[in-house]
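The chain contents come next:
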Amino acid sequence: MSLSNVATTVQEFLQPATTKEHFLDIIDWVEEQKPRPLISKALVDGRMSFTVSAGQKFETMDKIDFGWGKVTFGSCHVPESRKDCFVMTMGSPTNDEDWVVYMHMPLMHMSFIEAHASHVFKPLDTDYILI
């Protein structure tokens, strides 16, 4: 598939998601789904806090193909400016018995986890996700 065809396919795939109505529908859906604020209570008053979230596999991941193969792995983004500690689990893209665990926390806590739980947590690399 030529680069031009890939670009056309991507543009056609994204086109429905570029309308005002689409974004308003997303806002409405998010508002309906969240039963309480998404910010940690301790973050408001400056104490250290951990947010633990169970991620979900995006249903469309198995269907997306940009022309060079299907998407192998989708991830989350935690802004660097976020001050609370955030931990999220997602099912492994390659092994139904594994989990991918995202951790956003101070270096001293990450160092502790690496020192005391390296037999549980392994770095995510391209070999593991088969790319």
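Now for a look at the structure at hand. Treat the numbers as computed from the prediction; the structure is a model and nothing was measured.

What follows is about the overall build of the protein chain. Regarding its fold elements, the protein chain presents 4 helices and 3 strands. Taken from N to C terminus, the helices and strands of the protein chain fall in the order α-α-α-β-β-β-α. Across the 131 residues of the protein chain, 18% fall into the buried class. Considering only intrachain contacts with a sequence separation of at least 6, the fraction spanning at least 24 residues in the protein chain is 51%. A total accessible area of about 10600 Å² is found for the protein chain, and carbon and sulfur atoms account for 59% of it.

What follows is about a negative patch on the surface. A surface patch of negative charge is lined by E21, D25, D28 and E32. Following the sequence through the fold, D25 ends up in helix α2 (residues 20–33). Here D25 falls in the exposed class, since its relative accessible area comes to 53%.

Attention now goes to the environment of T8. Within the secondary structure, T8 is located in helix α1 (residues 3–14). Through-space distance from the C-alpha of T8 to that of F66 is 9.9 Å; in sequence the pair is 58 residues apart.

The next subject is the nonpolar core. One finds V78, F86, M88, M90, V100 and Y102 forming the largest nonpolar core, which totals 6 residues. Broken down by secondary-structure element, the contributors of at least two residues to this core are β2 (85–91) and β3 (99–104). Top element by residues in this core is β2. It accounts for 3 residues.

Before going further, it helps to spend a moment on the side chain of H104. Along the chain, H104 falls in strand β3. In this structure H104 touches V78, P79, E80, R82, D84, C85 and F86, once residues within four positions along its chain are discounted.

This part is about the layout of surface pockets. If a probe as big as a water molecule is rolled over the atoms, it shows which places are left empty. Computed from the structure, the second largest pocket encloses a volume of approximately 510 Å³. Along the walls of the second largest pocket sit 15 residues, with V101, F121, K122, P123 and L124 positioned nearest its centre. The element best represented in the lining of the second largest pocket is β3, accounting for 5 residues. Counted by class, the lining of the second largest pocket contains 12 nonpolar, no polar and 3 charged residues.

What counts, and at which threshold
- Residues numbered from 1 in each chain as written.
- Predicted model: local features only at pLDDT ≥ 70, side-chain atom pairs only at ≥ 80, totals over all residues.
- Heavy atoms only, no water.
- Helix = DSSP H or I, 4+ residues; strand = E, 2+ residues; numbered from the N terminus.
- Buried < 20%, exposed > 50% of the residue type's maximum accessible area, 1.4 Å probe, protein only.
- Contact = heavy atoms within 4.5 Å.
- Areas by Shrake-Rupley, 256 points an atom, 1.4 Å probe, with all protein chains shown as cover.
- Patch = residues over 30% accessible without salt bridge, like charges linked within 9 Å, V, L, I, M, F, W, Y side chains within 5 Å.
- Salt bridge = Lys/Arg side-chain N within 4 Å of Asp/Glu carboxyl O.
- Lys, Arg positive; Asp, Glu negative; His and termini not counted.
- Charge placed at Lys NZ, Arg CZ, Asp CG, Glu CD.
- Core = buried A, V, L, I, M, F, W, Y, C linked by side-chain atoms within 4.5 Å.
- 1 Å grid on protein atoms, 1.4 Å probe; cavity = no way out; pocket = protein on both sides within 12 Å on 5 of 7 lines; lining within 4 Å.
- Points joined across faces, edges and corners; volume = space filled by probe spheres on them.
- Nonpolar A, V, L, I, M, F, W, Y, C, P; charged D, E, K, R; others polar.

Functional significance is not addressed by these values, which are geometric in nature.
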